[in-house]
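# Analysis of the macromolecular model
Chain by chain, the residues:
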Amino acid sequence: MKTTYIGTGFSTKRDPYEAGKAASFQAHQQILQQKPNIVFVFSSVHLQSKKLLEGIWSVFGKETNILGCTGSGIITNSGIFKYGLVIMAIQSTKIKFSTGMIQGINKDNARASGEKFARELLKNPLSKT
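What comes next concerns the included structure. All values reported here derive from a predicted model rather than from experimental measurement. (Residues numbered from 1 in each chain as written. Predicted model: local features only at pLDDT ≥ 70, side-chain atom pairs only at ≥ 80, totals over all residues. Heavy atoms only, no water.)

### What about helix α2 (residues 50–60)?
Using the following cut-off: Only protein chains enter the accessibility calculation, which uses a 1.4 Å probe; a residue whose area is less than 20% of its type maximum is buried, one above 50% is exposed, and one in between is partly exposed. The helix and strand labels rest on DSSP assignments: H or I over at least four residues marks a helix, E over at least two residues marks a strand, and numbering proceeds from the N terminus. Pairs of residues are marked as contacts when any of their non-hydrogen atoms sit within 4.5 Å. N or O atoms closer than or at 3.5 Å make up a polar contact, with two conditions inside protein: a donor-capable atom paired with an acceptor-capable one, and, for residues adjacent in sequence, both atoms drawn from side chains.
All of the buried residues in α2 are Leu52, Gly55, Ile56, Trp57, Val59 and Phe60. In this fold, the buried residues of α2 make contact with α1 (16–30), β2 (38–44), β3 (66–71) and β6 (85–92). One side-chain oxygen at the N-terminal end of α2 lies 2.9 Å from the backbone nitrogen of Lys51; it belongs to Ser49. Downstream of α2 by one or two residues, Gly61 has phi in the positive range, about 95°.

Next comes the structure, spelled out in C-alpha cells:
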C-alpha cells in the first residue's frame, strides 16, 4: 500500500539551533518518525543561519532534501510571528521528489536560466529516500 505522511512543526525560539530542532521534532512525530523525502522550511530572517540547518539535521539527518526561504515573519494558523520557524516534512511512497541548484542565474534572461535549471534537474535521479 502506498502512503503519504505530512507533518508540520512550529517554533518561536530565538536560538536558531533550538528552533530548528523543536520544529523538526514536531514534524517528525507526525510522519511517524520516518525519514522524510523532503522538508520545507519557512523562517523569519532572524533565524537564517547554519545553526538552523544543524538543528533540523539533528532530527532528520544531514542527507535530507531541504528547501527553504526566509521572510520578515511567518504566518501560521495561530497568527503572524516576527520571530519563528515552520517546517513541513513529507514522507511518501507515492510521490517522488528531486532537488537541484544552479549558480549564476541570468536575471536578464530568466528563461535561459530556467532551462539550464531544468536540464540540471533532469540529470539527477529522483530521490529514493
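Following the structure, the description resumes.
### Structural notes on the side chain of Ser11
Here Ser11 shows up in strand β1 (residues 4–11). A polar contact of 3.1 Å, which involves the side chain of Ser11, links it to the backbone nitrogen of Lys13.

### Section: the packing of α1 against α2
Applied cut-off: An axis is simply a line fitted to the C-alpha atoms; with a helix, the fit covers only the stretch in contact. Between two such axes, the angle follows the N-to-C directions and lies from 0 to 180 degrees. Crossing handedness is defined as follows: a turn of the near helix away from the far one that is anticlockwise and smaller than a right angle gives a left-handed crossing, while the clockwise case is right-handed. When residue character is reported, Ala, Val, Leu, Ile, Met, Phe, Trp, Tyr, Cys and Pro are called nonpolar, Asp, Glu, Lys and Arg charged, and the others, Gly included, polar.
Contact geometry for α1 and α2: axes closest at 7 Å, N-to-C directions at 30°. As α1 packs across α2, the resulting crossing turns out to be right-handed. Contacts between α1 and α2 pair Pro16, Tyr17, Gly20, Lys21, Ser24, Phe25, Ala27 and His28 from the former with Lys51, Leu52, Glu54, Gly55, Ile56, Ser58, Val59 and Phe60 from the latter. Here the contact of α1 with α2 is composed, by residue class, of eight nonpolar, five polar and three charged.

### Considering the nonpolar core
The cut-off we apply is this: Side-chain atoms within 4.5 Å link the members of a nonpolar core, which is a set of buried Ala, Val, Leu, Ile, Met, Phe, Trp, Tyr and Cys residues.
The biggest cluster of nonpolar side chains holds 14 residues, and the ones touching the most others in it are Val41, Phe60, Leu85 and Ile87. Counting residues per element, the ones that place at least two in this core are α1, β2, α2 and β6. Ranked by residue count, the leading element in this core is α2, at four residues. Excluding residues within four positions of it along the chain, Ile87 makes contact with Gly7, Thr8, Gly9, Gly20, Ala23, Ser24, Ala27, Val39, Phe40, Val41, Ile56 and Phe60.

### Points about the pattern of salt bridges
If the charged atoms of two oppositely charged side chains come close together, the side chains can form a pair. Short version of the rule: Throughout this description, the term salt bridge denotes a Lys or Arg side-chain nitrogen within 4 Å of a carboxyl oxygen of Asp or Glu.
Following the criterion strictly, the structure yields three salt bridges and no others. For Lys35, the salt bridge identified is with Glu63, shortest N-O distance 3.5 Å. With Lys35 in the loop between α1 and β2 and Glu63 in the loop between α2 and β3, this pair connects stretches of sequence that are 28 residues apart. The class of Lys35 is partly exposed, set by a relative accessible area of 32%. Owing to a relative accessible area of 53%, Glu63 belongs among the exposed residues under this scheme. Linking Glu115 and Arg111 is a salt bridge whose minimum nitrogen-to-oxygen distance equals 3.3 Å. Here Glu115 and its partner Arg111 are both found in helix α3 (residues 110–123), four residues apart, which amounts to about one turn of the helix.

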